[in-house]
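Architecture at a glance
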Amino acid sequence: AAAEAAARHGEVFASPEAIAYLTKMGSVRGDWKSNVNDGLPTRLAVRGERFFFPKEEYAPCRGIGLPCEGEKLLRHFDDFDSSELNWLKRMISLYVHPVVVSEEHESSSHVKHETDYDRNVAAAELRNVYTCFISPKIDYNLTGDEEKDQKLFHRLNDIMTITTRHLDRAQGHLRQFILDDKGVVLIFTFGLRGSTFPNMIAQRAIPLTFTIVQSLQDELGIKVSAGATFEKAYCGVVGGVNRHEFAVLGPAVNLAARLMSPKHNSDVILVDKNVRLLTSQIFFRPLPAVMAKGYADPVPIFQPMKISSDQQGSRWGHAKKKFVGRASEIKQSMHVAKEMALNSVTSKFLFVSAPSGTGKSSLMVQATETVRAMVKKMKKRVIVTRYISNEGDSRIPFSLFRSIFKDLLRQIKHDDEGSVASSREGSTKGRINVERPVDFEIDKEWDSLSLQSHSTKSSIMSTDATRFRFICEELNAPPEFAEVVGKRLLGLKSTAAPSTASKPPDLDKILNFIADAFIRCTKHADLVLLALDDVHWMDEMSWKVVQAIFERSENVLTFCGSRPPSTNHLAVDEKFWSELHGAYKEEGRYMEINLGLFSEIDAQEMIAYHLDISVDKIDGSFLRNVFTSSGGMPHYLSYVLETIKRNDLTVELDNGLIGLKSSESAESKLGFKSVNDLLLYRLDALDSSVRTTLHLAAVLGTEFDLLDAALTYEEMFDVIDSDRFQSAMELCAHFDVAEKEGILEQVLSSTEHDQDEFG
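This model, assessed by the stated rule, comprises ten aromatic pairs. Residues Tyr 130 and Phe 188 carry aromatic rings whose centres are separated by 6.2 Å and whose planes lie at 40° to one another, so their mutual orientation is tilted. Here Tyr 130, found in strand β6 (residues 125-136), pairs with Phe 188, found in strand β8 (residues 183-190); they are 58 residues apart in sequence, far enough to count as distant. Overall, the relative accessible area of 1% leaves Phe 188 in the buried class.

In structure tokens:
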């Protein structure tokens, strides 16, 4: 920084540390020694004159014969062919911002008529940008000892490698990796061209910030502080004619740097209010406001808190006593599970593929609980564990198994506690025969089962770490597994004393250990149902563990739900995916269910269920109109029927059947051109204050906390302190109306903060 400040236009200065290295590579003319002793930078060149002369082995441009002085570069490059120029362009592009590189590629295919100045002006713009400053806490001072300094350079390279690895997965932009008066600083952004996405803050920016911070801590043992903001900023080229670069400038960028600084930050992540308001899926802890340059008033800041794995698992739905449609699909899953529970010798894989809105998740929930109830009625031991992946999981290795493994430990613990009278001798496969099996006739008994959605928390006792250590010992796992896998990956506390001498295990060993531990924990059960929804978001390493479990185990039924793979890429190994559809399918170990639209018969059954009437009482035109309006999509069909029921739109017709009040003839329509019109009618019928609250909810996202909504509501309507209680009660009343209408669903969270969550 001091060398940069000393250099004027056309000059090159070097810091004392740089001079110490340059003197080993060549000779420096002038009184550079006194400058080094005084800690001052030294001038190396000014316009056409230079004062540094490298040794022959360090001479520049020797690879491609570039002129060292006196000769015009452009004239020399005229002798290059196109392949050499393209190679040089690729090399230079490594040091240029990705946005500039992409623009250069786009403009290279046509003739440029505008000047560089005009092009730079056109590229400049104001954009909403997420800017994050990350400061690794390391000693970055050069010592002059070549061995120690080389370790520092390797450490800086490792930091760069880890950061860019995660940025590439999330498709963010690394703005700078620099050393200045603030120390070592990494700056990355979202929101520039090529890095703007839906739900960008909640699904990419904040999860990526967590991931980088955690990876630097886990892989390199480096603590960091981070500051992030989201606001309009200038994006474009800055600097003089002969020296300019792409930059992001604005008060919010300066604020992010200050939130990172030690004055405000003690090794945590801090964000401004804009990031918080756009990220309702994550809990934020409010902190005292700070004064910042460019802001007249104190700036509110917040610390984002990670979502626990228990909260992730709570998104799994509840089974219904009366489930309409999909009978053949549920029976298919039951037949597979029954066969495995009675005499399974190999694991099986059941894959459900369905477009959005066709009821995939509802089927997964219903089939999972039906299989659980059936196997228990057969007096067989069953373990069910389930998980719903999200977009953020695709960028986190082994994201699935932090939740699954902890859930598995708790369920086994719970089962062990309740099986005092169980037999001590297992079957030939090592499973426990508690009672004599009972036959179950699926076609006759499947719809009479008593269903109950089980929580992932099967026991209130906290012995996960103890059980994990026992598994490590039984599998002869190295000591570092308890620390790396147990504590850092699975989040178990007090797994073992940290080991500083041993090297962390590689990914393949972690993969094999998790698969072996899963099989070891579940080998006593007659059936293990591994239910995984939205696996199109599942990360590659989790897929590899699922593959290993499928190939090695004997009693695991992997039950996966996904959007169609043809339009939603799966991170599964291509060879394994091919084997599933080839050899494993021929052996009967792989089955696939493709969900389509409801038939008219399914729609008729749903009408009868929602309106509480018999099937033979439904008028034919009523059925056709409802079916046509919903397009056969179960999700939309439910909306249509809820609206009809809530607004009492049905009437007994002259023929004694149930139809719509608006019916004037057998060919009359429902009264709405589309489902969207129907939903608009439903919303228009609400009070204006409720509709305003719903607009607020739409801005907050598909899920949000009541606290977030209340704070935003106060800010929108400038609520004074004396009216805050009344304002909160009004907001709750509006949400109650929306919940009764079925527009919002309230989820009571059992977290330490005891917040209500809506979705």
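This part takes up the environment of Glu 474. Along the chain, the position of Glu 474 falls in helix α17 (residues 464-474). In sequence terms Glu 474 and Arg 520 are 46 residues apart; their C-alpha atoms lie 9.1 Å from each other.

So, about the pattern of salt bridges. Going through the model one piece at a time under the given rule, you end up with 13 salt bridges. For Arg 127, the salt bridge identified is with Glu 125, shortest N-O distance 3.4 Å. For Asp 516, the salt bridge is made with Arg 552, and the minimal N-O distance between the two is 2.8 Å. Highlighted residues: Asp 516 in helix α19 (residues 507-522) and Arg 552 in helix α20 (residues 540-552), separated in sequence by 36 residues. For Asp 516, a relative accessible area of 32% gives the class partly exposed. Residues joined by salt bridges that share partners form a network here, namely Lys 360, Asp 533 and Asp 534.

This part takes up the packing of α20 against helix α21 (residues 574-586). Close contact between α20 and α21 brings their axes to 12 Å; oriented N to C, the two are set at 30°. Relative to α21, the element α20 is oriented roughly parallel. As for the relative orientation of α20 and α21, their crossing is left-handed in sense. For the pair α20 and α21, the contacting residues are Gln 547, Phe 550 and Glu 551 in the first and Phe 576, Glu 579, Leu 580 and Tyr 584 in the second. Class assignment of the residues belonging to the contact of α20 with α21 gives a composition of four nonpolar, one polar and two charged.

So, about the sheet that holds strand β4 (residues 49-50). If you trace the three strands from one edge of the open sheet to the other, you get β1-β3-β4, paired in antiparallel fashion. Strands at the two margins of the open sheet, each flanked by one partner only, are β1 (11-14) and β4. Pairing between β1 and strand β3 (residues 42-46): four bridges, direction antiparallel. The partner of Glu 11 across the bridge, within β3, is Val 46. Taken strand by strand, helix α2 (residues 16-25) contacts β1 and β3, and its axis lies near 90° from that of β1.

What follows is about the sheet that holds strand β17 (residues 556-562). Taken in spatial order, the five strands make up an open sheet running β15-β16-β17-β14-β18, and their pairing is parallel. Looking at which strands have only one partner, the edges of the open sheet turn out to be β15 (382-388) and β18 (590-594). Direction aside, neighbouring strands of the sheet carry axes that sit 15° apart on average. Both strand β14 (residues 348-353) and β17 contribute to a ladder of six bridges, which runs parallel. Along β17, the bridge assignment pairs Val 352 with Gly 561. The sheet contacts of helix α14 (residues 360-377) involve β14, β15, β16 (527-533) and β17, and relative to β16 the element is tilted by about 170°. In the packing of α20 onto the sheet, the strands contacted are β14, β16 and β17, and the crossing angle to β14 comes to about 140°.

We now examine helix α23 (residues 620-630). The buried count for α23 comes to eight of eleven residues, which makes it a mostly enclosed element. Among all positions in α23, only Ser 621, Phe 622, Leu 623, Asn 625, Val 626, Phe 627, Ser 629 and Ser 630 are buried. One or two residues past the end of α23 sits Gly 631, with phi positive at roughly 70°.

Within the secondary structure layout, Tyr 21 lies in helix α2. For the pair Tyr 21 and Gly 144, spaced 123 residues apart in the sequence, the C-alpha separation amounts to 8.5 Å. What Tyr 21 contacts, discounting residues up to four positions off in sequence, is Leu 142, Asp 149 and Phe 153.

Moving on, we get to the environment of Asp 533. Here Asp 533 lies in strand β16. Considering only alpha carbons, one finds Asp 533 and Ile 388, 145 residues apart in sequence, at a separation of 4.7 Å.

Attention now goes to the nonpolar core. Nonpolar side chains in soluble globular proteins generally cluster together in the buried interior. Ranked by size, the top nonpolar core spans 44 residues in total, and within it Phe 349, Phe 401 and Leu 532 carry the most contacts. Examining the composition of this core, we find that eight residues originate from one element, α19, more than from any other. Beyond its immediate sequence surroundings of up to four residues, Phe 349 is in contact with Trp 543, Val 546, Phe 550, Leu 557, Thr 558, Cys 560, Leu 580, Arg 589, Tyr 590 and Met 591. With 35 residues, the next largest nonpolar core counts Leu 186, Phe 188, Ala 205 and Ala 228 among its residues.

On to unusual backbone geometry, then. Not every positive phi belongs to a glycine, and Arg 326 is a case in point at roughly 60°. On the secondary structure map, Arg 326 appears in the loop between α12 (309-313) and α13 (327-343). The buried category is assigned to Arg 326, whose relative accessible area is 9%. Residue Lys 379 is not a glycine yet carries a positive backbone phi of 65°.

Moving on to the pairing of strand β7 (residues 173-180). Bridge count for β7 against β8 is seven bridges, and the pairing is antiparallel. Bridge pairing links His 173 to Thr 189 in β8.

Criteria and thresholds
- Residues numbered from 1 in each chain as written.
- Predicted model: local features only at pLDDT ≥ 70, side-chain atom pairs only at ≥ 80, totals over all residues.
- Heavy atoms only, no water.
- Phe/Tyr/Trp six-rings, centres within 6.5 Å; stacked < 30°, edge-to-face > 60°.
- Helix = DSSP H or I, 4+ residues; strand = E, 2+ residues; numbered from the N terminus.
- Buried < 20%, exposed > 50% of the residue type's maximum accessible area, 1.4 Å probe, protein only.
- Salt bridge = Lys/Arg side-chain N within 4 Å of Asp/Glu carboxyl O.
- Axes fitted to C-alpha atoms, helices over the stretch in contact; angles between N-to-C directions.
- Parallel < 35°, antiparallel > 145°, perpendicular 65-115°, else oblique.
- Left-handed = near helix turned anticlockwise from the far one by under 90°.
- Contact = heavy atoms within 4.5 Å.
- Nonpolar A, V, L, I, M, F, W, Y, C, P; charged D, E, K, R; others polar.
- Pairing = 2+ DSSP bridges.
- Core = buried A, V, L, I, M, F, W, Y, C linked by side-chain atoms within 4.5 Å.

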